[in-house]
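# Results of the structural survey
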Amino acid sequence: MLGGIQSVTRMDLPHAVMVVSPTGGVGVSALASVCALELNQRRHACALVDLDCMTGGLDVLLGLEAEPGLRWSGIQAPLGRIEAQALRRELPQWEGMPVLSADSWNHANPEWWEVQAALTALHQSHDVMLMDAGHNTACLHWNVGLFLLVVELNVLGLARARGMLAAIREQGKSRIGVVAMRSLTASKTEAIDLAEAEDYLGEDVSACLAKDQQLGASVLSGLGVPDVPRKWRKPITTLATVIEESCELDRAGIAGVRRKSSDRSFPWRLRGGDHA
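All values derive from a computational prediction rather than experimental measurement. (Residues numbered from 1 in each chain as written. Predicted model: local features only at pLDDT ≥ 70, side-chain atom pairs only at ≥ 80, totals over all residues. Heavy atoms only, no water.)

### Looking at the overall build of the protein
As a reminder, the rule being used: A run of H or I in DSSP becomes a helix once it reaches four residues, and a run of E becomes a strand once it reaches two; helices and strands are each numbered from the N terminus. Burial status follows relative accessibility: with a 1.4 Å probe on protein chains alone, a residue under 20% of its type maximum counts as buried, one over 50% as exposed, and anything between as partly exposed. Note on definitions: a residue-residue contact is assigned when non-hydrogen atoms from the two residues lie within 4.5 Å. All accessibility values rest on the Shrake-Rupley procedure with a 1.4 Å probe; residue burial counts only the protein chains present in the view.
When helices and strands are counted, the protein shows 9 helices and 8 strands. A total of 276 residues make up the protein; the buried ones form 53% of that total. Of the contacts made within the protein by residues no fewer than 6 positions apart, 80% connect residues no fewer than 24 positions apart. Accessible surface, the protein as shown: approximately 12,300 Å² in total, 50% of it carbon and sulfur.

Right, here's the structure in full:
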């Protein structure tokens, strides 16, 4: 399946968020899901898309693996177009949000036009589309409203993140938000100060999270993502507001309505592209 997405050389998705990390297992899928949950609670129409086609399975993480509905292997667009509402009806739903999940175990590779058609349909029919790209670098040249780069807060994680940041910056248009993820097992000697991380990356950190044991246990046991973890609530609230501004969503919370936010200030720290 990776081939189909790799073949998509360009996508313009200004109301989409791509959550990505150079490090596997750092919590990209969980972060994308809880951000979608927070935005959904603010009455924004959200769609969740799995672009981590080698190791993905967003439906499994959300506890939807037994739910009927389309996955990437079932997407068909013989004329290069998909009717948006029809696609939404065919997808599994999580908390009222459609989920287009990868199913690499079916060994089905969508054509590039099927990838474009599905993403375009979901983008046009929702206020915001959150894409879990995992550590898939094939999508870094797409133009999206916001890249959320999840960085493991250690020396190796920062080194990997700086390389991925360079690839995102080459695209030159999208905003970039950095999310620092602290490990629960890191020793004091391994800990990296946020100011040091920001200086090394050349980007400000929009939010800092610690891996949540209860959330991890829930996902591993097949129970899905029950709610935003308590210690994540404040940073997720901040990130949801960042997404609203970056994707020009209606801050009043009226689903399906978008409006420009150029007259609003940006109280958080966010860099990148020609949106500044």
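Read on for the rest.
### Remarks on the sheet that holds strand β1 (residues 12-20)
Strand pairing in a sheet is mediated by backbone hydrogen bonds. Such pairs are either parallel or antiparallel. Under the convention used in this document: Strand pairing requires that DSSP identify at least two bridges connecting the strands. Each axis is a line fitted through C-alpha atoms, taken for helices only over the stretch in contact, and angles between the N-to-C directions span 0 to 180 degrees.
Ordered in space as β3-β4-β2-β5-β1-β6-β7-β8, the 8 strands form an open sheet in which the pairing is mixed. The open sheet has two edge strands, β3 (93-94) and β8 (205-210), and neither has a second partner. In this sheet, β8 lies alongside strand β7 (residues 175-182) in parallel orientation, the contact comprising 5 bridges. Across the sheet, the residue bridging to arginine 182 is alanine 210, located in β8. Helix α2 (residues 28-41) contacts β1, β2 (46-50), β3, β4 (97-100), β5 (128-134), β6 (143-152), β7 and β8 of the sheet and is inclined by roughly 170° relative to β5.

### So, the nonpolar core
Keep this limit in mind: As used here, the term nonpolar core means buried Ala, Val, Leu, Ile, Met, Phe, Trp, Tyr and Cys residues forming a set that is joined through side-chain atoms within 4.5 Å.
The biggest cluster of nonpolar side chains holds 48 residues, and the ones touching the most others in it are Met18, Val49, Leu51, Trp72, Met129, Met131 and Trp142. Look past the residues within four positions of valine 49 in its chain and what remains in contact with it is Leu58, Trp72, Leu100, Leu119, Leu122, Met129, Leu130, Met131 and Asp132.

### With respect to helix α5 (residues 112-124)
Stated formally: A helix is expected to reach a length of 1.5 Å times the quantity of its residues less one.
Here α5 spans 18 Å end to end across 13 residues, near enough to the 18 Å set by a 1.5 Å rise per residue. Taken residue by residue, α5 has Glu114, Val115, Ala117, Ala118, Leu119, Ala121, Leu122 and His123 as its buried positions.

### Quick word on the confidence of the model for the protein
Worth spelling out the cut-off: Each residue carries a pLDDT score, the predictor's own confidence in it, on a scale running from 0 to 100.
Mean pLDDT over the protein: 83, with 83% of residues reaching 70 or higher. pLDDT under 50 marks residues 252-276. Its contacts with residues more than four places away, or in other chains, come to 61 contacts.

### Describing the packing of aromatic side chains
This is how it is decided: Here the aromatic set is Phe, Tyr and Trp, taking the six-membered ring for Trp, and pairing holds for ring centres within 6.5 Å; pairs whose planes are under 30 degrees apart are stacked, those over 60 apart are edge-to-face, and all others are tilted. The rule for a charge over a ring is simple: NZ of Lys or CZ of Arg within 6 Å of the ring centre, and within 35 degrees of the ring normal.
Tallied over the full model, the rule gives 1 aromatic pair. Judged by centre distance (5.7 Å) and plane angle (85°), the ring pair of tryptophan 112 and tryptophan 113 falls under edge-to-face. The positively charged end of arginine 162 is found above the aromatic ring belonging to tyrosine 200, 3.9 Å away from the centroid.

### Notes on helix α6 (residues 155-171)
For α6, with 17 residues, the first-to-last C-alpha span of 26 Å sits near the 24 Å given by 1.5 Å per residue. Those residues of α6 that are buried are in contact with β1, β6, β7 and α7 (194-201). Immediately downstream of α6, the backbone of glycine 172 shows phi near 80°, a positive value.

### Quick notes on the pairing of β2
In terms of burial, β2 is a largely internal element, 5 of the 5 residues being buried. Two strands pair when backbone bridges link them, and β2 and β4 are joined in this way by 2 bridges, in the parallel orientation. Within the sheet, the bridge partner assigned to leucine 48 lies in β4 and is valine 99.

### A word on the packing of α2 against helix α9 (residues 233-246)
Packed helices, taken two at a time, are described by their axes: the angle between them and the distance between them. Cut-off, in case you're wondering: Working definition: roughly parallel below 35 degrees, roughly antiparallel above 145 degrees, roughly perpendicular at 65 to 115 degrees, and oblique for all remaining angles. Three classes are used: nonpolar for Ala, Val, Leu, Ile, Met, Phe, Trp, Tyr, Cys and Pro, charged for Asp, Glu, Lys and Arg, and polar for all others, with Gly counted as polar.
Contact geometry of α2 with α9 gives a least axis separation of 9 Å together with a crossing angle of 75°. The orientation of α2 with respect to α9, classified from their angle, is roughly perpendicular. Two secondary-structure elements touch here, α2 through Leu31, Val34, Cys35, Glu38 and Leu39 and α9 through Ile236, Thr237, Leu239, Ala240, Ile243 and Glu244. A per-class count over the contact of α2 with α9 returns 8 nonpolar, 1 polar and 2 charged.

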